[in-house]
Amino acid sequence: MLSDDWQLKQYHKVGNDHSAWMSSAEDLLAASRMLRKLKNAFDIESVGVGDTIPDEGRIHPVELMLRGFAVECLLKALWVKQGGTICSDGEYVGVLGAGDHDLLQLCNANKLTFSQNQRDVLKRLSVFMTSIGRYPIASHWRKTKIQSTLGGGKGPPTYWVTPSDDEIYDSIVKILHEALDS
C-alpha cells in the first residue's frame, strides 16, 4: 500500500504541474470539438412542431460548458507555469484572487488583457460553466438577468452567436496556448 505521505506528494506534484492542467484542457477541448461537430451537423429545420428534439439538438449548452472548463484549465496551467500554486497542504486552494469558474477573474489573476469581445465571450462562458450547461437555473437570478448585449439590443448572457463567438473563442484558446508555449 502506498503511504499517505507519498500520495500527498503526488497530489501536490500533479496539482501544481502546468502540463497536468494543459492535459485536462486538451481532453475538454477534444470533447467540445466532438460535440461542436455533432451540433453543426444538426439541421433545426428538420424538426417539426411537436417533434422530439434529437440528441444533436440538445448539446450546445454542454458544449459551451466544456469549452469554458477547457479555458479554465488553460488559465490554471498558466497560473502554475508562472509560479502560482493550485494546491497546498493536501487541498485545492485555487488561483489567488480568482473565484472558481470565473474566467474574467482568472484572466485578471494571470494579468492577461483581452479585447472587449473576448471578455464578453469569457463572461458568458462562465455562466454556461456554472449554470446553463449543467443546471436549469443559475445560483442567483441576477446571473442570467436580461442585460445590454455587446452588439446592441438586450438579452440574457446565455446566447451564442455563430460563427462570430466561435471565432472569438478560438482566438482566446490560441492566445492561451501561445502564452503557455512561451
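As the structure is a computational prediction, the values presented were derived from the model and not from experiment. (Residues numbered from 1 in each chain as written. Predicted model: local features only at pLDDT ≥ 70, side-chain atom pairs only at ≥ 80, totals over all residues. Heavy atoms only, no water.)

Further remarks concern the nonpolar core. Counting 42 residues, the largest nonpolar core has Val71, Leu75, Leu103, Leu122, Tyr169 and Leu176 as its most contacted members. Residue assignment for this core shows that the elements contributing at least two residues are α2 (18–41), α3 (60–81), α4 (103–109), α5 (116–132) and α6 (164–181). Counting residues per element, this core draws most heavily on α3, at 13 residues. Excluding residues that lie within four positions of it along the chain, leucine 103 makes contacts with Gly68, Val71, Glu72, Leu75, Leu122, Leu125, Ser126 and Met129. (Core = buried A, V, L, I, M, F, W, Y, C linked by side-chain atoms within 4.5 Å. Buried < 20%, exposed > 50% of the residue type's maximum accessible area, 1.4 Å probe, protein only. Helix = DSSP H or I, 4+ residues; strand = E, 2+ residues; numbered from the N terminus. Contact = heavy atoms within 4.5 Å.)

Under the criterion given, the structure shown has zero aromatic pairs. Note that arginine 67 overlies the ring of tyrosine 169, its terminal NZ or CZ placed 4.9 Å from the centroid. (Phe/Tyr/Trp six-rings, centres within 6.5 Å; stacked < 30°, edge-to-face > 60°. Lys NZ or Arg CZ within 6 Å of the ring centre and 35° of its normal.)

Right, let's talk about the packing of α3 against α6 for a bit. How two helices sit against one another is set out by the angle between their axes and by the gap between those axes. Where α3 contacts α6, the axes come no closer than 10 Å and their chain directions differ by 20 degrees. Between α3 and α6, the crossing angle belongs to the class labelled roughly parallel. The way α3 lies across α6 gives a crossing that is left-handed. Contacts from Arg67, Ala70, Val71, Leu74, Leu75, Ala77, Leu78 and Lys81 in α3 reach Asp166, Tyr169, Val173, Leu176, His177, Ala179, Leu180 and Asp181 in α6. Per-class residue counts for the contact of α3 with α6 are 11 nonpolar, one polar and four charged. (Axes fitted to C-alpha atoms, helices over the stretch in contact; angles between N-to-C directions. Parallel < 35°, antiparallel > 145°, perpendicular 65-115°, else oblique. Left-handed = near helix turned anticlockwise from the far one by under 90°. Nonpolar A, V, L, I, M, F, W, Y, C, P; charged D, E, K, R; others polar.)

If a probe as big as a water molecule is rolled over the atoms, it shows which places are left empty. The calculated volume of the largest pocket comes to roughly 190 Å³. If you go around the largest pocket, the residues you meet are Asp100, His101, Asp102, Lys123, Ser126, Val127, Thr130, Lys143, Gln147 and Pro157. The element contributing the most residues to the lining of the largest pocket is α5, with four residues. Across the lining of the largest pocket, the residue classes tally to two nonpolar, four polar and four charged. (1 Å grid on protein atoms, 1.4 Å probe; cavity = no way out; pocket = protein on both sides within 12 Å on 5 of 7 lines; lining within 4 Å. Points joined across faces, edges and corners; volume = space filled by probe spheres on them.)

Okay, the packing of α3 against α5 next. Running from N to C, α3 and α5 point in directions that differ by 115 degrees, and their axes come no closer than 8 Å. Of the possible angle classes, the one that applies to α3 and α5 is roughly perpendicular. In the crossing of α3 with α5, the sense of the turn from one axis to the other is left-handed. Here Pro61, Leu64, Met65, Arg67, Gly68, Phe69, Val71 and Glu72 of α3 come into contact with α5, specifically with Leu122, Leu125, Phe128, Met129 and Ile132. The class makeup of the residues in the contact of α3 with α5 is 10 nonpolar, one polar and two charged.

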